Number of protein chains: 2
Amino acid sequence: MARTAGSNGTRTLESIRKAGLRLIYRQGYEAMSLRQLASEVGIQAGSLYNHISTKQDLLFDLIRVHMEELIDRLDKTLEGVAGPSDKLDAFIRFHVEYHIARKREVFISYSELRSLEPKNYDAIVELRARYERRLIAVLDDGVAAGVFATADTTVAAFGILAMLTGVCTWFKPGGRMTKDEVIAVYTGLVRDGLARDADKPKAISPPPPPPAGGAPGA
Amino acid sequence: MARTAGSNGTRTLESIRKAGLRLIYRQGYEAMSLRQLASEVGIQAGSLYNHISTKQDLLFDLIRVHMEELIDRLDKTLEGVAGPSDKLDAFIRFHVEYHIARKREVFISYSELRSLEPKNYDAIVELRARYERRLIAVLDDGVAAGVFATADTTVAAFGILAMLTGVCTWFKPGGRMTKDEVIAVYTGLVRDGLARDADKPKAISPPPPPPAGGAPGA
DNA sequence: TTTAAATACGAACATACGTTTTTATCTTGC
DNA sequence: GCAAGATAAAAACGTATGTTCGTATTTAAA
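Within each chain, residue numbers correspond to sequence positions counted from 1 in written order. Chains and ligands are labelled by the order in which they are written, letters from A for the one and numbers from 1 for the other. With pLDDT at 70 or above as the cut-off, local features in this predicted model cover only qualifying residues; side-chain atom pairs require 80 or more to be listed or tallied, and sums for whole chains, interfaces and linings still use all residues. Side-chain metrics in this entry use all non-hydrogen atoms of the structure; hydrogen atoms and water are not considered.

## Some thoughts on the packing of aromatic side chains
Where we set the bar: Only Phe, Tyr and Trp rings take part, Trp by its six-membered ring, and two of them pair if their centres are within 6.5 Å. Stacked means planes under 30 degrees apart, edge-to-face means over 60, and tilted covers everything else. Only DSSP runs of H or I reaching four residues or more are called helices, and only runs of E reaching two or more are called strands; each is numbered from the N terminus. The classification of residues rests on relative accessible area computed with a 1.4 Å probe and restricted to protein chains. Under 20% of the type maximum is buried, over 50% is exposed, and intermediate values are partly exposed.
Per the counting criterion, the structure on display carries twelve aromatic pairs over all chains. When the centroid spacing of 6.1 Å and the interplanar angle of 70 degrees are considered together, the rings of Phe-107 of chain A and Tyr-110 of chain B count as edge-to-face. Of this pair, Phe-107 of chain A sits in helix H5 (residues 103–111) while Tyr-110 of chain B sits in helix H5 (residues 103–111), on two different chains. Among the residues examined, Phe-107 of chain A registers a relative accessible area of 8% and is labelled buried. Ring geometry for Trp-170 of chain B versus Phe-171 of chain B: centroids 6.3 Å apart, planes at 65 degrees, classification edge-to-face.

## Description of helix H9 (residues 179–194) of chain B
Selection rule: Expected helix span is given by 1.5 Å per residue-to-residue step, counting one fewer step than there are residues. Should any heavy atoms of two residues lie within 4.5 Å, those residues are counted as being in contact.
Taking 1.5 Å per residue as the helical rise, H9 of chain B with its 16 residues ought to reach 22 Å, and the 22 Å between its terminal C-alpha atoms agrees with that figure. Those residues of H9 of chain B that are buried are in contact with helix H7 (153–170) and helix H8 (179–194) of chain A together with helix H4 (84–101), helix H6 (118–145), helix H7 (153–165) and helix H8 (167–170) of chain B.

## Remarks on the UniProt feature "DNA-binding region" (unreviewed entry) in chain A
Counted only if it meets this: UniProt positions are given in the numbering used here, feature names are shortened, and annotations may be inferred rather than shown by experiment.
UniProt's feature table lists "DNA-binding region" (unreviewed entry) at residues 33–52 of chain A, given in the numbering used throughout. End-to-end, the C-alpha atoms of residues 33–52 of chain A are 14 Å apart, and along that stretch the chain is 40% helix and 0% strand.

## Here we look at empty space enclosed by the protein
This is how the line gets drawn: Put plainly, a pocket is an open set of points on a 1 Å grid over the protein atoms alone with protein on both sides within 12 Å along at least five of seven lines, a cavity is a set where a 1.4 Å probe fits but cannot get out, and a lining residue has an atom within 4 Å of a point. Grid points are joined across faces, edges and corners, and a volume is the space filled by probe spheres set on the points. Basically, the charged four are Asp, Glu, Lys and Arg, the nonpolar ten are Ala, Val, Leu, Ile, Met, Phe, Trp, Tyr, Cys and Pro, and anything else, Gly included, counts as polar.
Per the stated rule, a full pass over the model turns up five cavities of 30 Å³ or more. Considering only enclosed or pocket space, the largest cavity measures out at about 1100 Å³ in volume. Taken together, 47 residues form the lining of the largest cavity, with Tyr-110 and Ala-162 of chain A together with Tyr-110, Ala-162 and Gly-166 of chain B sitting closest to its centre. A per-element tally of the lining of the largest cavity places H7 of chain A first, with eight residues. Taken together, the residues that form the lining of the largest cavity break down as 25 nonpolar, 18 polar and four charged. Of the pockets and cavities examined, the second largest cavity occupies roughly 120 Å³. In terms of lining residues, the second largest cavity is bounded by 17 residues, among which Glu-30, Glu-112 and Arg-114 of chain A together with Glu-112 and Arg-114 of chain B are the most central. Among the residues making up the lining of the second largest cavity, the classes are represented as three nonpolar, eight polar and six charged.

## Some words on the nonpolar core
Cut-off, in case you're wondering: The set of buried Ala, Val, Leu, Ile, Met, Phe, Trp, Tyr and Cys residues whose side-chain atoms join them within 4.5 Å is what this entry labels a nonpolar core.
If you look at the biggest cluster of nonpolar residues, it comprises 138 residues, and the most contacted ones within it are Leu-37 and Tyr-186 of chain A together with Leu-37 and Tyr-186 of chain B. In terms of residue count, H7 of chain A provides more of this core than any other element does, eleven residues in total. Apart from the residues lying within four places of it in its own chain, the contact partners of Leu-37 of chain A are Ile-16, Ala-19, Gly-20, Leu-23, Met-32, Leu-48 and Leu-58 of chain A.

Have a look at this one:
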């Protein structure tokens, strides 16, 4: 045979990305074979190459697009919010909601970092750092304004991010808690953890060169 | 050739486990070939099978031993500590120290869950849940004693665990902060996050069947 | 000292992999 | 309606994979 009736490049690529995301999430990048991916899309393995350049490029693209959208949406969310406290609340809500909604993208963006070739790896780590810097900036503002207290805004930011991101490993919609309840608990934890009160240790050492992204590899 | 002079089963197995841990951490389970593993150990691929039964079994064993030791050590650590506040502090210190010391085991125990066959997967998830229950119990005690306040001890425990575990993705010994400083920051965040004060929401719904472990798969 | 078990080599197995190439058909723009 | 480009099939490529097997040598037990 040859070209199938009704075939359409844009639609097929979308199918590939969707199936790829699902399979990589479920099995891992290395464990997903292109034949399996092709079969999910309903085409032959070789035909994938009419839409992607390599398997590695598919992975990189999935992660990159996700990270860029994450940053874009955060920026739009924080745009209209003023003051460190409200910004922190907005950040928490945004982060949790996005991570619940895109748990697969989030998971592979973290766990498949080590499957990225060095150049691609570096690009993603840079995007991740950019996102992290948004939260650090909010914390810094809050500390400067005297509404937050923490010994180290960078470490606090990493701690908060890890905590919030963890939600997408266990949250199930329709489960015991609603999304809003989860957000409420986390907001409480973070707010109080940063609450300013009398005898908190102040900065224990001069401000940071931020640590890399998060992955082992390389 | 045949058996090498000076060869020793116990020592070789130890080499295999050590090299396996390193390679799986760096490249992932699927990406580590047995030939590569064997070469690191200094033997031929086929000879691995004098020491392990399958590749899968090596992975399972690495993770299982790690989880069991984690739980054992935690229990020994908490044994001599009385009162929820001190227990929480001890937990935080133990968890962070252990996770810094064993960052490779920790990482693969999380990220390679999906590479485990169902039976092995279930066993690890159960071990993980057992560990989580230790922290939940401390929080429950604290809430009962009126020294902690949180809307949901299970969610709080997951949040705290995710935050603390996150440390091993960025902490570098000899870096800007010492281990003790990191522990201090995290202890502060958690303590204040759980601090009891007037207008905290109390439990928002009846107590939990705890969510699974953490992995996507299956 | 003899013997059995442990350990490693080296070759082989079947299978699976990512990717390329060729060819045929369909779709689209003129 | 025709030409050009897009899309898919099908087969093949070389290589790599986890695992098994037979054999040789060393170690440890009797």
